[in-house]
Each structure stands twice: as structure tokens, then as C-alpha cells.
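Each chain, letter by letter, is given below.
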Amino acid sequence: MANTPHGGTLKDLYIRDADKQSSLLAEVPTLPSLVLTDRQLCDLELILNGGFSPLEGFLTQKDYDGVVADMRLTSGTLWPIPITLDVNQDTIDASKIQANARVALLDPRDYQPLAILTVEDVYRPDKSKEAINVYGADDQAHPAVNYLHSIAGEFYVGGALQAIQAPAHYDYVASRYTPSELRAHFKKLQWTRVVAFQTRNPMHRAHRELTVRAARARKAHLLIQPVVGLTKPGDIDHYTRVRVYKALMPKYPNGMAELSLLPLAMRMGGPREAVWHALIRKNHGVTHFIVGRDHAGPGKNSQGVDFYGPYDAQALVEKYKSEIGIEIVPFQMVAYCVDSDEYMPADEVPEGVKTLNISGTELRRRLRTGLPIPEWFSYPEVVKVLRQSHPPRAQQGFTIFLTGLHASGKNALARALQVSLNQEGTRSVSLLMSENVRAELSSELGFSKRDRDLNIGRQAFVAGELTRAGAAAIVAPIAPYDEARKNARKTIEKSGGFYLVHVSTPLADCEKRDHDGVYERARKGEIKDFTGIDDPYEVPSDADLTVNLSEQTISQAVHEIVLLLEKDGYVGSA
Ligand SMILES: Nc1ncnc2c1ncn2[C@@H]1O[C@H](COP(=O)(O)OS(=O)(=O)O)[C@@H](OP(=O)(O)O)[C@H]1O
């Protein structure tokens, strides 16, 4: 038998409201609407499908106050995390949000109506109090506290929901189960004791080992239930992770384990989050839940100290275990013992026995540099997936951003660099020359500051996309303004390598080299706002390389750029 839902009844609002679906849908055009944020969308999905039972809507002020103060809804039921619909005054006005109003809640991706909210109250939360009580400190180094103060609206809207339809998913649809579906699945499989494992990270041999040990200890089956909603900023994207989980599943004996994806927006709330995770799993029918060391920990606070103690989460779930109603399985850290070539719970490893580990940081370094990842640590199938998503630098894209005066030689340098990089043959090399850019991408733009900034912004966007696709992009605008160059760096660095090369050939030499007589015309006033003559060139202080083509040959400059790329592993094989 699957576990009893929290509060006694599974609040699957899709099932409850199925017979009203068409009338609710017909009502939508008559109602004001509210487009959800990404986080609200995740929360809504789990309210509607019963993952957050006993909640049937977003918290009203009374429930919110109870949850913040002592983790209790007004009914007295345990609930650790405030599930709130945050809005700004503008939204309140635009969507006419007030008590008793009905508001259609829309999916931010396709504007489909998902539910109708009957507003019970609109209130201004004490965010500092929420931060301290729920997350332990009003410190913006905590991602949920940062969200609270920097992203969440000033007001919360409480009220009950009626379900229209589930948010559409297009990725890994078959691996997503609502609580009702998972309960039916367990019934079909005849599973009665199920241990759930929560994760937001890739899984390796140690995770397989510890989950099997948990299952063995409790004579239970295993549910690997990773989070695919919002996790900690900087985490490995969920597409990669799900491919990893799918590669790992065949490593369990047949019939032992199932994979189910959870569309949860994590808060990284440590102890309270562990209680929340346990309740969510209970709603999904699970009977046992693994709570690890530093469960859902956000890392260090602004003083460089961990927000939570490593076992605070285990202590809190232990304290409330009778109410949580799911058996908590404390996470046993397993260690790899070199000589016996096996994993063992860390606390059982005899003194003097050599153990090995690879930290997350070290794993990312090995992925970045292409260094080997040993088989004792992970499965070749898993490593293959990770390497596809994290190709070594030699397979990543980069942008060389040349900046300098007209006739500084940057155009010749750009062409020579393209030819030189073409020898590598490992990436396509794209050249964005000003003459082409200004004919195609920026054809309507002139040379005002605003137009030049737009021009650089567009090139940065294109170069960023090329870089993301693994190409080498060479851009060669004058780019006279520091801020625009810095913005370009910011845009492109998200996708791969970025190198700012200042072609610093002095103006007097540029004028001498200028065969088209453009400077001459600018000096005569026939061309206005000409860079170097009557418009400024802000010399970069953040160039990765400076080349002066009065003193260096193009060949030498190309070589210096190649040396830079080689140092970082973008060209040549390490
Ligand atoms: N007012 C003014 N100022 C600077 N340059 C001018 C101007 N008017 C036309 N040109 C010609 O346009 C080319 C520079 O365009 P860019 O797109 O590189 O300029 S910017 O980065 O947007 O500032 C540049 O040519 P190349 O250096 O050969 O690309 C200039 O000859």
C-alpha cells in the first residue's frame, strides 16, 4: 500500500475539478489574468497535482504566518515552506487583484490558462522575518533570501485554486509522474515499501551504492526522484542530469528501481526543506526517504560560514518524524576503498584503509580539461553523457573581439587570423567584418553613441550564439566605448571563451595607412563624429592582448593570439 498523503487525502485538483474543466475554461476570457513566474509555475504544478497536499491554493496570510512562525498551517498540520503567490502593486492594479476576485493564472511560456484563483486576501509579508525563520538568516548569500528580496513581489496573494489543465512539458514527458500516477504505478508494480532518493546533481557509483544499501536495509524498492524544476544557480542543467540518470538506471538490478522527475522549485532551505521534501515524497506514495548530510544546503553565508550544520536537516526531520509519516533513512556517506576496490559506508572503513574521492569541483575541472574520470568513480556511460554536455575547451567555441581605430590593421589581422584558425579544422570560423555587419545586421544604424552601442550589442549576440554552438567567431568593429565592449564580454562569456584584443596602432599611423582617404575627409569635416578625429576612442584597460601593428607584423599578432588560445586549451591538444 502506498503511503497516506499528508493531511489524509491526496489533493489532486485535476481529478477533483475534472467535471468543471470546460466551464472553467469558458470563464477564463471573462477574468483578469496573471502570468506566473517560473517559480510560481513549479509551485502551481505541485499544488494542482497534489504534490503539496494538503494545500489547495497559495497560502493566505493566516496560513503564511503560521508556516513562517512554527511550520504549521491554521489547521495545525505541519508545513515548513511558504508557498506564496508574490506580486507587485502594478500587477495588483492590472489584474484587479482583491478579495473575492477570480483571476486566471497563465503559463509564462505559452500563456495557456492553468488554473483559476479565487482571491482570499492580499498581504504584505515581513520578508526579513520570513528569511530568518524559514532560511535561518536574512542574508542574501542564501539563494532563497536573495530571491525574496531581489525578485519576489512586495505582496502575496492567498486563495484557493481550481485546476484547468497541467502545464505542458516537452522534455522527458514519460518520466514525469504526478502523485496519482506514481501511486498507480507502484500499485501496478506491486511495490509497497519504496525508498525515495532526492537529488539535483549527477549520480555516480557512490550514489548507486548508497541507494542500494538504503533499499537493502529497509527491504524496499527504490525511487530515484530528481528535481527538474528550479535548483541552485550554477547547477548542471536538468537535460544533462536526466540523461545521466537514464544512463545510470540500468546499473540497478531489474525491477529494483524506477526514475521519476519532480518539477519542484527548490529553495535550498536545508532543514525545513528536508521536511518539505519528505512530505512531498509521502504525497507521491513513498514510504521511506533518504536524507543526506547537508540536505538541500545552500553553501556558505556572506561571512564564509555554512548556513546550516551538516546534520541539522536530519535532526529536524527526526524531531517531526511522527507527523511527517514517512520513514527517514539517514544518508550513509560511502567511500571508495582503493585496495579492496569497493564502496563502504564511511564510518565502517577500518583505520588506515586508503579511500578516494573526486569532489564536484575536481570533476568539473576534469570535464573542462578533458582529463580522465576513473571508472571507480563513475560509469563510462555516465561520463560519456557528461562529456557530451561539457566538451573540453578544444571542442568549445570562443570569440576573438578585435577593437581599434579605422585603418589600425584590425581588418587584415581578422582575415589572417581566420585563415590561420582554419588550419585547425576542428571548428567553423566565422568572421564578422564591419563592412558586412553594417550592410546586413546594422544597415539602418549610423555612428551616434546609441547606434554604435546597438551595433556592438548585435555583434555580441551573434558571436555569443556562434560561440555557444562551438564555432570560433572573430569580430572586428572599432567598438570605441568601454561599456559596450564590457557588455559584449558579459554576453559572450556565458557561452564560451572571450578574448578582447586591442589593436593599438597609433592614430597618426592609422592616418598614414588609410588608403581610402577617410581620415582626410573626416579632418575636413566631410564625415562627422569620426572615431579618433571628432569622436572618442576609449582605450581598453581590460584587453587580454594588445597588439600594435606599427611595430608588429600581422603574422606576429596572429601568433600571439594563437598562443593565448593554446594556453587556455582552445587550440592544440593538451
Ligand atoms: N563616423 C564614423 N566613425 C567611425 N567609422 C566610420 C564613421 N563613418 C563611417 N565609418 C566607417 O565605418 C567603419 C566602422 O564601423 P564600425 O561598425 O566598426 O563602428 S562602431 O564599432 O560601431 O563604432 C569604419 O571602417 P572600417 O574600419 O574599415 O571597418 C569606418 O570607415
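Owing to the predicted nature of the structure, the values given are computational and were not obtained by experimental measurement.

With respect to the overall build of the protein
Part 1 of the reasoning: Within the protein, the regular secondary structure consists of 22 helices and 19 strands.
Part 2 of the reasoning: Dimensions of the protein along its principal axes, counting C-alpha atoms only, are 85 × 70 × 45 Å.
Part 3 of the reasoning: A total of 574 residues make up the protein; the buried ones form 52% of that total.
Part 4 of the reasoning: The contacts of the protein with a sequence gap of at least 6 include a subset with a gap of at least 24, amounting to 74%.

Concerning unusual backbone geometry
Part 1 of the reasoning: Residue Pro54 follows Ser53 across a cis peptide bond; omega there is 15 degrees.
Part 2 of the reasoning: Residue placement: Pro54 occurs in the loop between helix 3 (38-48) and strand 2 (57-58).
Part 3 of the reasoning: Positive phi outside glycine occurs at Asp294, with the angle close to 50 degrees.
Part 4 of the reasoning: In this structure Asp294 comes out as partly exposed when scored by relative accessible area, which is 31%.

Side note on the packing of aromatic side chains
Part 1 of the reasoning: Per the stated rule, a full pass over the model turns up 15 aromatic pairs.
Part 2 of the reasoning: Look at Tyr64 and Tyr156: their rings are 5.3 Å apart centre to centre, the planes differ by 85 degrees, and that puts the pair in the edge-to-face class. With Tyr64 in helix 4 (residues 61-70) and Tyr156 in strand 6 (residues 155-163), this residue pair connects regions lying 92 residues apart in the sequence.
Part 3 of the reasoning: The buried category is assigned to Tyr156, whose relative accessible area is 1%.
Part 4 of the reasoning: Taken together through their ring pairs, the aromatic side chains of Tyr336, Tyr343, Trp376 and Phe377 make up a single cluster.
Part 5 of the reasoning: Above the plane of the ring of Tyr147 lies Arg39, whose end atom (NZ or CZ) is 3.9 Å from the centre.

Topic: the sheet that holds strand 14 (residues 355-356)
Part 1 of the reasoning: Taken together, the three strands give an open sheet; going across it, the order is 13-12-14, and neighbouring strands pair in antiparallel fashion. Strands with a single pairing partner mark the edges of an open sheet, and in this sheet they are strand 13 (342-345) and strand 14.
Part 2 of the reasoning: As defined by bridge partners, strand 12 (residues 334-337) adjoins strand 13 across four bridges and the pair is classed as antiparallel. Across the sheet, the residue bridging to Val334 is Pro345, located in strand 13.
Part 3 of the reasoning: Along the sheet face, helix 9 (residues 205-218) touches strand 12 and strand 13 and points at about 55 degrees away from the line of strand 13.

Structural notes on the pairing of strand 17 (residues 472-476)
Part 1 of the reasoning: Buried residues dominate strand 17, accounting for five of its five residues.
Part 2 of the reasoning: Neither face of strand 17 is exposed, since Ala472, Ile474 and Ala476 on one face and Ala473 and Val475 on the opposite face are all buried.
Part 3 of the reasoning: Examined bridge by bridge, strand 16 (residues 429-433) and strand 17 share five bridges and lie parallel to one another. Residue pairing in the sheet places Ser430 in a bridge with Ala473 of strand 17.

Quick word on the packing of helix 6 (residues 127-135) against helix 7 (residues 143-151)
Part 1 of the reasoning: Packing of helix 6 against helix 7 leaves a shortest axis separation of 10 Å and a crossing angle of 165 degrees. Considering their axes alone, helix 6 and helix 7 lie roughly antiparallel with respect to each other. Crossing angle aside, the handedness with which helix 6 passes helix 7 is right-handed. Contacts from Lys127, Ser128, Glu130, Ala131 and Tyr135 of helix 6 reach helix 7 at Ala144, Val145, Leu148 and His149.

What about the environment of Phe186?
Part 1 of the reasoning: By the element assignment, Phe186 lies in helix 8 (residues 179-189).
Part 2 of the reasoning: Spatially, the C-alpha atoms of Phe186 and Gln89 are 45 Å apart, while their sequence positions differ by 97 residues.
Part 3 of the reasoning: With residues up to four places along the chain from it excluded, the contact list for Phe186 reads Trp191, Val194, Leu223, His284, Gly285 and Val286.

Overview of the domain arrangement of the protein
Part 1 of the reasoning: Here the protein is partitioned into domain 1 (13-163), domain 2 (173-262 + 268-335) and domain 3 (393-567).
Part 2 of the reasoning: For domain 1 and domain 2, the distance between their C-alpha centroids amounts to 25 Å.
Part 3 of the reasoning: Taken together, the contact between domain 1 and domain 2 spans 28 residues of the former and 27 residues of the latter.
Part 4 of the reasoning: Summing the contributions of domain 1 and of domain 2, the shared interface buries around 2200 Å²; its carbon and sulfur component is 67%.
Part 5 of the reasoning: Contact with domain 2 buries area across many residues of domain 1, yet Met71, Leu78 and His142 alone supply 22% of it, more than any other trio.
Part 6 of the reasoning: For the pair domain 1 and domain 2, the interface holds one salt bridge.
Part 7 of the reasoning: Across the pair Arg72 and Glu323 runs a salt bridge, and its minimum N-O distance is 2.7 Å.
Part 8 of the reasoning: Per-element accounting of the side of domain 1 that touches domain 2 gives the leading share, four residues, to helix 3.
Part 9 of the reasoning: For the side of domain 1 that touches domain 2, a count of residues per class yields 18 nonpolar, six polar and four charged.

Here's the deal with the sheet that holds strand 18 (residues 497-503)
Part 1 of the reasoning: Taken in spatial order, the five strands of this open sheet run 16-17-15-18-19, and their pairing is parallel. Single-partner strands in this sheet number two, and they are strand 16 and strand 19 (545-547). Along the sheet, successive strands turn relative to each other by an average axial angle of 20 degrees, direction set aside.
Part 2 of the reasoning: When strand 15 (residues 398-404) meets strand 18, the two strands line up parallel, connected through seven bridges. When the bridges of strand 18 are listed, Gly404 appears paired with Val503.
Part 3 of the reasoning: Taken strand by strand, helix 16 (residues 410-422) contacts strand 15, strand 16, strand 17, strand 18 and strand 19, and its axis lies near 170 degrees from that of strand 16.
Part 4 of the reasoning: Each of strand 15, strand 18 and strand 19 is contacted by helix 22 (residues 554-567), which is oriented at about 170 degrees to strand 19, the strand it contacts most.

As for the pattern of salt bridges
Part 1 of the reasoning: Throughout the structure, instances matching the rule amount to 35 salt bridges.
Part 2 of the reasoning: With a shortest N-O distance of 2.9 Å, Asp171 and Arg176 are connected by a salt bridge.
Part 3 of the reasoning: The class for Asp171 is buried, based on a relative accessible area of 15%.
Part 4 of the reasoning: Residue classification places Arg176 among the buried positions, given a relative accessible area of 14%.
Part 5 of the reasoning: For Lys567, the salt bridge goes to Asp568, with nearest N and O atoms at 3.6 Å.
Part 6 of the reasoning: A residue is classified by how much of its surface remains accessible, and Lys567, at 61% relative accessible area, is exposed.
Part 7 of the reasoning: Residue classification places Asp568 among the partly exposed residues on the basis of a relative accessible area of 24%.

Rules behind the numbers
Residues numbered from 1 in each chain as written. Predicted model: local features only at pLDDT ≥ 70, side-chain atom pairs only at ≥ 80, totals over all residues. Heavy atoms only, no water. Helix = DSSP H or I, 4+ residues; strand = E, 2+ residues; numbered from the N terminus. Buried < 20%, exposed > 50% of the residue type's maximum accessible area, 1.4 Å probe, protein only. Contact = heavy atoms within 4.5 Å. Phe/Tyr/Trp six-rings, centres within 6.5 Å; stacked < 30°, edge-to-face > 60°. Lys NZ or Arg CZ within 6 Å of the ring centre and 35° of its normal. Pairing = 2+ DSSP bridges. Axes fitted to C-alpha atoms, helices over the stretch in contact; angles between N-to-C directions. Parallel < 35°, antiparallel > 145°, perpendicular 65-115°, else oblique. Left-handed = near helix turned anticlockwise from the far one by under 90°. Domains from an automatic or database assignment. Buried area = accessible area lost by both parts, 1.4 Å probe. Salt bridge = Lys/Arg side-chain N within 4 Å of Asp/Glu carboxyl O. Nonpolar A, V, L, I, M, F, W, Y, C, P; charged D, E, K, R; others polar.

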